[in-house]
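One-letter residues, chain by chain:
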Amino acid sequence: MKYAVVFTQAEKSTDYQVSVPDLPGCQITEKTIDLGMEEVIKAIQSHLAILAEYGEKIPNAQGLEQHRKNYILANPHTFVHAFWAIVSIDITPYLGKSHKINVTLPELLIAQIDDKVSKSSDYKTRSGFIASACFAELQK
């Protein structure tokens, strides 16, 4: 899942507040942008682990453009001081135990999937690709 994160700075502070709009309450404060990027990934993983522990649904990530529009509306005087990043998080560890299922697909479709998986670092396996496609369809 690709989560948008927003960096902001208070006027009288050199620290950055890093928030994840898709995960309410998931935010950190760090001294540098680099530390913020490292630590926000850990914060997201911790947040998702807590959600999974309590059996809560993992929130789908909205697009960055929608988050920017919402932020501009909510912060019309300070939005120019905020900047955005995207972090990619493997959410499969937070979805529960994996189960093997039998799926029947046409041979040419399987070949296209395998070709895409072999050429993309976004997908490690055929199952990962199919799971990503399912998530995208379920978000609609």
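The structure reproduced in this document is the subject of the present report.

Rules and cut-offs
- Residues numbered from 1 in each chain as written.
- Predicted model: local features only at pLDDT ≥ 70, side-chain atom pairs only at ≥ 80, totals over all residues.
- Heavy atoms only, no water.
- Helix = DSSP H or I, 4+ residues; strand = E, 2+ residues; numbered from the N terminus.
- Buried < 20%, exposed > 50% of the residue type's maximum accessible area, 1.4 Å probe, protein only.
- Contact = heavy atoms within 4.5 Å.
- Areas by Shrake-Rupley, 256 points an atom, 1.4 Å probe, with all protein chains shown as cover.
- Salt bridge = Lys/Arg side-chain N within 4 Å of Asp/Glu carboxyl O.

### Comments concerning the overall build of the protein chain
Here's step 1: Regarding its fold elements, the protein chain presents four helices and four strands.
Here's step 2: The helix and strand sequence of the protein chain, counted from the amino end, reads β-β-β-α-α-β-α-α.
Here's step 3: With respect to the three principal axes, the spread of C-alpha positions in the protein chain is 60 × 30 × 25 Å.
Here's step 4: Across the 140 residues of the protein chain, 26% fall into the buried class.
Here's step 5: Contacts spanning at least 24 positions in sequence make up 50% of the contacts within the protein chain whose residues lie at least 6 apart.
Here's step 6: Accessible surface for the protein chain amounts to roughly 10,000 Å². Of this, 54% is attributable to carbon and sulfur atoms.

### Quick look at the pattern of salt bridges
Here's step 1: A complete count under the given rule lists five salt bridges for this structure.
Here's step 2: A salt bridge links aspartate 114 to arginine 126; its shortest N-O distance comes to 2.7 Å. Taken as a pair, aspartate 114 in helix H3 (residues 107-119) and arginine 126 in helix H4 (residues 126-139) lie far apart in primary sequence, twelve residues in all.

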